[in-house]
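Listed below are the residues making up each chain.
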Amino acid sequence: MAAASLVTLAGCSASSGGASGGSLEKTDIVVDAFPAIDSAGLFIAEQRGLFKAQGLNVTIKLAATSQTAIDGQLKGQFDITSADYVTYVDNVLLDKAPLRIIAESSFLQPNVLTLLAKPGSKVQSVRQLKNKTVSVNAPNDIGTLLVDSLLTDNGVPLSLVKFNNNVDFPHVPQNLLTGKVDAAFAPEPFVSLFSMNVGTQELADLDQGGTTDFPIQGVAVTQKWAQDNPHSLAAFERAYAQGQEIADTERTAVESALKKFLGMRPLAAALVSLPSFPVGVNPVRLQRLVDAMVRFGLLKQKYSGFKIKSIIDGG
């Protein structure tokens, strides 16, 4: 649940509008967001007119992947993105992308991100994944990190598991049923949809062990955008924080947003498991991500001393 008030985190009440911090440099804002339940707070802020109350006209586009969102952002196509943290950190450290994390979107709760198996699979435990194939939707992103942690916690050497790195979520059932993969990483709402439509089995919940309450998705701008648009950014943050607080306390609001923005059917929206939607940015929580990336080889050992606070502060 959201632990802090909007007044504390945003510096003023949400009713103060965009003019509270000065005139807005930019009022038309385009956000490219990965289409997941993690973006519910963003969806709610638009759906309930919270951005408009701050003087902003926000257009939300749905990204194919976190990387395509960031690529477009760096080209100036999008003002703000919502994507997974692993991809953000990779872009900053490996490609020197000038990104700044301005807000959190989600962190793990039970049954939100899972490892699935086909109906009647002979693989009944994580330990049975030795010499098997596991799919993730992109190489070296949040799915890879979470599965690596799960395998390690269960004593399965990573060298004995083959990864299929490019199975997008809608094609997970096909890959499982045809035997192309033995297990598949999948998030909600796909977990609930696959269970209802195909009968997939949950092999493991990824909210466990070293990745309990793990940070998943956040919101970022480029450093230049933040410098050029400080009042617009502050207005966006105020409205976004309101959306996050509503998402974390009103289940019906999340269901409504998922139906509108992700096209979920009412039954699926009612059954889907939800992450936590935090307000603000918690550097301690996000540092766990960087440390895990180093531990599992997504980042080289030379980054072991890197502090994610520098991405939050825009340094």
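Keep in mind it's a predicted model, so treat the numbers as computed, not measured.

**Focus: the packing of helix α2 (residues 40-47) against helix α10 (residues 230-249)**
- Two elements in contact, α2 and α10, have axes whose closest approach is 7 Å; the angle formed by their N-to-C orientations is 110°. Compared by their axis directions, α2 and α10 come out roughly perpendicular. Crossing of α2 over α10 shows right-handed handedness. Of the residues in α10, those touching α2 at A40, G41, L42, I44 and A45 are F236, A239, Y240, G243, Q244, I246 and A247.
- Taken together, the residues that form the contact of α2 with α10 break down as nine nonpolar, three polar and no charged.

**Quick look at the packing of helix α6 (residues 142-153) against helix α13 (residues 283-295)**
- Interaxial distance between α6 and α13 falls to 10 Å at its minimum, and their mutual angle equals 70°. If you check the angle between α6 and α13, you find them roughly perpendicular. The way α6 lies across α13 gives a crossing that is left-handed. Along the contact surface, α6 presents I142, L145 and T152, while α13 presents L289, A292, M293 and R295.
- Partitioning the contact of α6 with α13 into residue classes produces five nonpolar, one polar and one charged.

**Some words on helix α5 (residues 85-95)**
- Counting buried positions along α5 gives nine out of 11 residues, so the element sits mostly inside the fold.
- Regarding α5, its N-cap is D84, as a side-chain oxygen of that residue lies 3.0 Å from the backbone nitrogen of V86 further along.
- Positive phi shows up at K96, right after α5, with a value of about 60°.

**Some thoughts on the pattern of salt bridges**
- Enumeration over the complete set of coordinates arrives at seven salt bridges.
- A salt bridge links E250 to R48, with the nearest nitrogen and oxygen atoms 3.1 Å apart. Placement of E250 in the loop between α10 and α11 (251-262) and of R48 in the loop between α2 and α3 (50-53) is noted, with a sequence separation of 202 residues between them.
- For E255, the salt bridge identified is with R251, shortest N-O distance 2.9 Å. Of this pair, E255 and R251 both sit in helix α11, four residues apart, which is roughly one turn of that helix.
- A relative accessible area of 16% means that E255 is categorised as buried.

Conventions we followed
- Residues numbered from 1 in each chain as written.
- Predicted model: local features only at pLDDT ≥ 70, side-chain atom pairs only at ≥ 80, totals over all residues.
- Heavy atoms only, no water.
- Axes fitted to C-alpha atoms, helices over the stretch in contact; angles between N-to-C directions.
- Helix = DSSP H or I, 4+ residues; strand = E, 2+ residues; numbered from the N terminus.
- Parallel < 35°, antiparallel > 145°, perpendicular 65-115°, else oblique.
- Left-handed = near helix turned anticlockwise from the far one by under 90°.
- Contact = heavy atoms within 4.5 Å.
- Nonpolar A, V, L, I, M, F, W, Y, C, P; charged D, E, K, R; others polar.
- Buried < 20%, exposed > 50% of the residue type's maximum accessible area, 1.4 Å probe, protein only.
- Polar contact = N/O pair within 3.5 Å; in protein donor to acceptor, adjacent residues only side chain to side chain.
- Salt bridge = Lys/Arg side-chain N within 4 Å of Asp/Glu carboxyl O.

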